[in-house]
Amino acid sequence: MKLFDLLETFVRIVAGLCLFAVFALVTAQVASRFIFNFSLAAASELSIYAMIWSVFLGAAVAFRSNSHIAMDILKNKLPMSVGRLADVAIFILLAGFLCLIATEGYDLAIRAMRQSSPAAKIPVGYITMAIPVGSILALIFLTEQQMRQFLKGKRHD
């Protein structure tokens, strides 16, 4: 699991850098507006893009630790064997959804490469690429977490 630990650490660092970029860009925007009396138009736009990346990367990390909100009240009332079956069904549905989001997000990002952002003049596809990248990372972490649960369940039976 060392590879997954390294991947998670890398994703956390990149997400943290994105959040730091949001802080720095917003601070620069406010300072330039109130101290120097001019506006950094690209700062506002870039801070939004950094936030988008941090959200998708952070959501992927949350899949690894099973930190997303879950409605498991019904599953907890089921017998253990049916609960395990429900876990498999939920995994299949989530994996299918993440695959759909990844493929559609990739198509959207490729189409968005032709469009430039208004202030920063960077291809919008680079921002939109957060959708498939975050979804693929989430799928990797979800699969790893599911395999860990499966192996742990096998050892106890």
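Located above this text is the structure these notes cover.
Thresholds applied
- Chains are numbered independently. Their residues run from 1 in the order of the written sequence.
- It should be noted that, the model being predicted, local features are given only for residues of pLDDT at least 70 and side-chain atom pairs only at 80 or more, the latter also being counted only at that level, while totals for whole chains, interfaces and linings use all residues.
- As a rule here, side-chain values come from all non-hydrogen atoms in the structure, and water together with hydrogens is ignored.
- Segments assigned H or I by DSSP are reported as helices when at least four residues long, segments assigned E as strands when at least two residues long, and all are numbered from the N terminus.
- Atoms counted for the radius of gyration: C-alpha only. Globule rule: 2.2 Å times residue count to the power 0.38.
- When a residue's accessible area, from a 1.4 Å probe over protein chains only, is under 20% of the maximum for its type it is buried; when over 50% it is exposed; and in between it is partly exposed.
- Whether two residues are in contact is decided by their heavy atoms, any of which lying within 4.5 Å being enough.
- Note on method: axes are straight lines fitted to C-alpha atoms, helices fitted across the in-contact stretch only, with angles between N-to-C directions ranging 0 to 180 degrees.
- Our angle categories are set so that under 35 degrees counts as roughly parallel, over 145 as roughly antiparallel, 65 to 115 as roughly perpendicular, and the remainder as oblique.
- We call a crossing left-handed when the near helix sits turned anticlockwise from the far one by less than a right angle, and right-handed when that turn is clockwise.
- Only Asp, Glu, Lys and Arg are considered charged in this grouping, and only Ala, Val, Leu, Ile, Met, Phe, Trp, Tyr, Cys and Pro are considered nonpolar; every other residue, Gly among them, is considered polar.

Caption draft 1: Region of the structure containing the overall build of the protein. Helices and strands together make up the secondary structure of the protein, namely 6 helices and 0 strands. For the protein, the α and β elements follow one another from N to C terminus as α-α-α-α-α-α. Relative to the 2.2 N^0.38 estimate, which gives 15 Å for 157 residues, the radius of gyration of the protein is 20 Å and therefore markedly larger than a compact globule would have. C-alpha atoms of the protein, sized along the principal axes, occupy 65 × 30 × 30 Å. Going through the 157 residues of the protein one by one, you find that 29% of them count as buried. Counting contacts in the protein only where the partners sit at least 6 residues apart, residues at least 24 apart contribute 69% of the total.

Caption draft 2: Main features of the packing of helix H1 (residues 2-34) against helix H2 (residues 41-64). Axis separation between H1 and H2 bottoms out at 8 Å; the angle between their running directions is 155 degrees. Comparing their axes, H2 and H1 come out roughly antiparallel. Pair H1 / H2 crosses with left-handed handedness. The residue makeup of the contact of H1 with H2, split by class, is 18 nonpolar, 5 polar and 4 charged.

In short, the description is geometric, and any link to function would need to be established separately.
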